[in-house]
Amino acid sequence: MPSFHNPVLIVTPGVRLTSLASSDADALVECFRDSEVRRWLPLPDPYTKEIAEDWCTHTSEELRASGRGLVVAIRSDTDLLGSLDAKRVDWRAQTLELSYWTAPAHRGQGIMTAAVRTLATWLLSTLEFQRIELRISPENTASQRVAERAGFTREGTARNAGFTDAGRTDLVIHSLVPQDLW
């Protein structure tokens, strides 16, 4: 199975996508205390610094090296702004799913939309994936807007397909394919 390399992608002036680092652990713990993030992501509770350090180093590196996933930080020169996670990677079918979260102080600024579009374009153009999916709870209107503004097409709803700490949820499927870029 192919592996991902560690991309450094420019999102906008001053914002880039890079690998997570152990120094991101404290910011992750703080972000994952936010009720809005916890509402949509099934995270361990409590989300400890040890869990964060493992995710930022060992787990994200193992996913990347094995080709099973790619976790990238969205960062400015001083802050961790959020993260994107490529998962359910199928190299043979050339498909994957992206998920994302934004740090509370950086929401509503268009950063996530630009980051999703940047990573998706790189995955489709450079790595030649043929389909990227987003699977979003219908109640998560902010993520729905990110999907639409990043150029993804809403395809339909997978009933009872996801879960959070609050229980089961439907998931709205959005997709981006190479033809959508041109």
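This text goes with the structure placed above it.
Residues numbered from 1 in each chain as written. Predicted model: local features only at pLDDT ≥ 70, side-chain atom pairs only at ≥ 80, totals over all residues. Heavy atoms only, no water.

A. Just the sheet that holds strand β1 (residues 9-12), in detail. Strands sit in the order β1-β2-β3-β4-β5-β6-β8-β7 across an open sheet of 8 strands; the sheet is mixed. Of all strands in the sheet, those bounded by a partner on one side alone are β1 and β7 (153-164). Adjacent strand axes in the sheet meet at a mean angle of 30° when their direction is disregarded. Of the strands in this sheet, β1, β2 (15-18), β3 (70-75), β4 (80-90), β5 (95-102), β6 (131-136) and β8 (167-176) touch helix α4 (residues 111-125), which is tilted by about 145° from β1. Contacting β5, β6, β7 and β8, helix α5 (residues 141-149) runs over the sheet at an angle of about 160° to β6. (Pairing = 2+ DSSP bridges. Helix = DSSP H or I, 4+ residues; strand = E, 2+ residues; numbered from the N terminus. Axes fitted to C-alpha atoms, helices over the stretch in contact; angles between N-to-C directions. Contact = heavy atoms within 4.5 Å.)

B. Examining the environment of V146 more closely. Structurally, V146 can be placed in helix α5. The spacing of V146 and D85 is 61 residues in sequence and 15 Å in space, taken between C-alpha atoms. Apart from residues lying up to four places away in sequence, V146 is in contact with Y100, M112, T113 and V116.

C. Structural detail: the pattern of salt bridges. If you walk through the whole model with that rule in mind, you get 11 salt bridges. Taking the shortest distance from any N to any O, the salt bridge between R131 and E155 comes out at 2.5 Å. In this pair, R131 is assigned in strand β6 and E155 in strand β7, connecting sequence segments 24 residues apart. For E155, a relative accessible area of 44% puts it in the partly exposed group. (Salt bridge = Lys/Arg side-chain N within 4 Å of Asp/Glu carboxyl O. Buried < 20%, exposed > 50% of the residue type's maximum accessible area, 1.4 Å probe, protein only.)

D. Representation of helix α3 (residues 49-66) within the structure. Spanning 18 residues, α3 covers 24 Å between terminal C-alpha atoms, matching the ideal 26 Å at 1.5 Å per step. Of all the bends in α3, the greatest measures close to 45° and is centred on W55. Among the residues of α3, A52, C56, S60, L63 and R64 are the ones counted as buried. Buried residues along α3 sit against α1 (25-31) and β3. (Expected span 1.5 Å × (residues − 1). Bend = angle between axes of the 7 residues up to and from the residue.)

E. Molecular detail of the nonpolar core. Counting residues in hydrophobic clusters, the biggest one holds 34 residues, and the most contacted among them are L17, I74, L84, Y100, L119, L123 and F152. Secondary structure elements with two or more residues in this core: β1, β2, β3, β4, β5, α4, β6 and α5. No other element matches the 9 residues that α4 contributes to this core. Dropping the residues within four chain positions of it, L119 is found in contact with L9, L17, L70, V72, L84 and L98. In this structure, C31, V37, L63 and V71 belong to the second largest nonpolar core, which totals 17 residues. (Core = buried A, V, L, I, M, F, W, Y, C linked by side-chain atoms within 4.5 Å.)

F. Spotlight on the packing of aromatic side chains. Under the criterion given, the structure shown has 5 aromatic pairs. Look at F4 and F129: their rings are 6.3 Å apart centre to centre, the planes differ by 10°, and that puts the pair in the stacked class. Placement of F4 in the segment before β1 and of F129 in the loop between α4 and β6 is noted, with a sequence separation of 125 residues between them. Across this residue pair, the class does not change: F4 and F129 are buried. For the pair F32 and W101, a centre-to-centre distance of 5.0 Å together with 70° between the ring planes defines the contact as edge-to-face. Of this pair, F32 sits in the loop between α1 and α2 (35-40) while W101 is found in strand β5, placing the two residues 69 residues apart along the sequence. For F32, a relative accessible area of 6% puts it in the buried group. An aromatic cluster of at least three residues, connected via ring pairs, comprises F4, W91 and F129. (Phe/Tyr/Trp six-rings, centres within 6.5 Å; stacked < 30°, edge-to-face > 60°.)

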